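The primary structure of each chain is shown beneath.
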Amino acid sequence: MREPHHTPPPPPPPPPPPSGGGAGAGLPWEERERHGAAPAFVETAKLFIVDPTAAFARAKRKGDLFSPIAFAVVLGWIGVLFQSLWSMALGSSLTDLLPPEMRQTTGVGFAFETVGLIVQIVLAPVFILIFLFIASAIVHLMLMVVGGAKDSDAGFEGTLRALAYSTVSQLGSVVPFAGGLIAMVWAIVLETIGLANLHRTSYGKAVAAVLLPLLICCVCLFFAFGTLVALIAGAVASGAGN
Amino acid sequence: MALLALAPLGAGLARALPACPVKRLTGWPCPGCGTTRAALAWAELDPAAAFAANPLAAAGWALLVAGGLVAGLAACGRHLPGEPRTLPVAGRWALGVALVANWAYLVWAGR
């Protein structure tokens, strides 16, 4: 006698991954209740370092502004901390190079500078917060000027989010001497990727929005540099004439 | 809110800020010269002095604080008007003219 043929029921589909990886699914930091704050923070920072395009694609486009702002304040503070540490280290080593009589006079200045740096470290979170909003307002205005926010549903929030997550670039400040420059260039790249992803705009418009304010500053610096060169040239010419 | 919280410390903190390198090198103000003074004047609730220091920056600071208040209202769940997505051509020109006019004023006033 044959046993009745029972076909085993198909296995249930595997459950979806907890954090998801799709567009706007949320970064680990945005779901830190599930992952734990510290691991979620580190995981998110790693994502932005290794694959910023994928990270910005995963970032939420609306709601929960606390997450990107807190992320920016913590990373910005780490950047300020390292910049201040390098300044203090460099300041003391430069003072050591001076002759003893000059060391005494600059020693007072250095002590004042040290106090200033400590105040800077303590107040940094407030300044980072203010700077984040000012920079976001300027960049968003520039994005509107170049027409990059036309098809966006993220609005100002999207720009704020892009700039906030781009503060991961402040980790460049860990490098002594060139850290500030590394962080600045890295921030430009991250902000461009962030704006292009969160506002669904072209990289051209995103880079224009990021670089336009810098360009205005550069025009001024170019003007200042030109005047300096003219002054030096004038001094050299008058020296040669005498 | 952070700006308002820092307002009483403004004068002390401003002394630690470096002078504008453009102004120091050329003697001419950059478009941002007077921004700190405008913020300090706002902190002392002196709009006339704020606008005299840098009109565009004074307006910018006022808009920033107003924006913060609007964001606060949004957080409270009040209905807010929609955000503009683009700047009309006239707005772009106005922005450019405002930047240049502001700079011209700073040069003229010797800020």
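Within any chain, residue numbers begin from 1 and follow the written order of that chain's sequence. Lettering of chains starts at A and numbering of ligands starts at 1, both following the order in which they are written. Thresholds applied to this predicted model are a pLDDT of at least 70 for local features of residues and 80 or more for the giving and counting of side-chain atom pairs; totals over whole chains, interfaces and linings are not thresholded and use all residues. The side-chain quantities take in all heavy atoms of the structure and omit both hydrogens and water.

**Q** Lay out the overall build of chain A in plain terms, naming residues and giving numbers.
**A** Along chain A, the regular secondary structure elements total eight helices and zero strands. Listing each helix as α and each strand as β along chain A from the N terminus yields α-α-α-α-α-α-α-α. Accessible area is worked out with a 1.4 Å probe on protein chains only. A residue is then buried under 20% of its type maximum, exposed over 50%, and partly exposed in between. By residue count, 38% of the 242 residues in chain A fall in the buried class. All accessible-area figures derive from a Shrake-Rupley calculation using a 1.4 Å probe, and residue coverage is judged against the displayed protein chains alone. As displayed, chain A offers around 13,300 Å² of accessible surface, 75% of which is attributable to carbon and sulfur atoms. Only DSSP runs of H or I covering at least 4 residues are called helices, and only runs of E covering at least 2 are called strands; the numbering of each starts at the N terminus.

**Q** Residues and numbers for the confidence of the model for chain B, please.
**A** Of all residues in chain B, 78% have pLDDT values of 70 or greater, and the mean over the chain is 80. With pTM at 0.74, the complex prediction returns an ipTM value of 0.72. Known as pLDDT, the predictor's confidence for each residue is given on a scale from 0 to 100.

**Q** Tell me about the side chain of serine 67 of chain A, residues and numbers included.
**A** Residues and elements named next belong to chain A. Positionally, serine 67 belongs in helix H4 (residues 66-97). A 3.5 Å cut-off defines polar contacts: any pair of N or O atoms within that distance qualifies, except that in protein one atom must be a possible hydrogen donor and the other a possible acceptor, and neighbouring residues in sequence count only when both atoms are side-chain atoms. Polar side-chain contacts of serine 67 include one of 2.8 Å to the side chain of arginine 32. There is a polar contact of 2.6 Å between the side chain of serine 67 and the side chain of aspartate 64.

**Q** Just give me the short version of helix H7 (residues 179-198) of chain A, but keep the residues and values in it.
**A** Residues lying three or four places apart along an α-helix face the same way, a consequence of the helix completing one turn every 3.6 residues. Expected span of a helix: the number of residues minus one, times 1.5 Å. Here H7 of chain A spans 27 Å end to end across 20 residues, near enough to the 28 Å set by a 1.5 Å rise per residue. Downstream of H7 of chain A by one or two residues, arginine 200 of chain A has phi in the positive range, about 50°.

**Q** Break down the packing of aromatic side chains for me, with residues and values.
**A** Residue and element names in this part refer to chain B. Pairing of aromatic rings covers Phe, Tyr and Trp, the last counted by its six-membered ring, and requires centre-to-centre distances within 6.5 Å; plane angles under 30 degrees mean stacked, over 60 mean edge-to-face, and any other angle means tilted. In this structure the tally under the stated criterion is nine aromatic pairs over all chains. Relative to phenylalanine 51, the ring of tryptophan 42 has its centre 6.0 Å away and its plane inclined at 75°; by these criteria the two rings are edge-to-face. The class for tryptophan 42 is partly exposed, based on a relative accessible area of 26%. Their ring planes at 45° and their centres at 6.2 Å tell us that tyrosine 105 and tryptophan 108 sit as a pair that is tilted. Of the two residues, tyrosine 105 and tryptophan 108 are both situated in helix H7 (residues 89-109); the distance of three residues between them amounts to about one turn of the helix.

**Q** Summarise the environment of alanine 57 of chain B; cite the residues concerned and give the values.
**A** All names here are of chain B. Inspection of the secondary structure puts alanine 57 in helix H6 (residues 55-75). Of the residues examined, alanine 57 reaches a relative accessible area of 13% and is grouped as buried. Separated by 21 residues in the primary sequence, alanine 57 and threonine 36 have C-alpha atoms spaced 8.6 Å apart. When checking whether two residues touch, look at their non-hydrogen atoms; a contact exists if any pair is within 4.5 Å. Among residues more than four places away in sequence, those in contact with alanine 57 are Thr35 and Ala38.

**Q** Just give me the short version of the nonpolar core, but keep the residues and values in it.
**A** Among the buried residues, those of types Ala, Val, Leu, Ile, Met, Phe, Trp, Tyr and Cys that are joined through side-chain atoms within 4.5 Å form a nonpolar core. The biggest cluster of nonpolar side chains holds 43 residues, and the ones touching the most others in it are Phe48, Phe71, Tyr165 and Leu195 of chain A. If you list the elements that add at least two residues to this core, you get helix H2 (37-50), helix H3 (52-58), H4, helix H5 (100-145), helix H6 (155-165), H7 and helix H8 (203-241) of chain A. For this core, the leading source of residues is H5 of chain A, giving nine residues. When sequence neighbours within four positions are dropped, the list of residues in contact with leucine 195 of chain A reads Val139, Leu143, Thr159, Ala162, Arg200, Thr201, Ala206, Ala209 and Val210 of chain A. By size, the runner-up hydrophobic cluster in this structure holds seven residues, among which are Ala41, Ala57, Ala58 and Trp61 of chain B.

**Q** Now, about the side chain of arginine 32 of chain A: what can you tell me, with residues and values included?
**A** Residue and element names in this part refer to chain A. Looking at where arginine 32 falls in the secondary structure, it is placed in helix H1 (residues 32-35). This count recognises Lys and Arg as positive and Asp and Glu as negative, with His and chain-terminal groups excluded. Any carboxyl oxygen of Asp or Glu within 4 Å of a side-chain nitrogen of Lys or Arg constitutes a salt bridge here. At 4.7 Å, aspartate 64 is the nearest oppositely charged side chain to arginine 32, a buried residue that forms no salt bridge. Those residues in contact with arginine 32 that lie beyond four places of it in its chain are Ala37, Ala40, Phe66 and Ser67.

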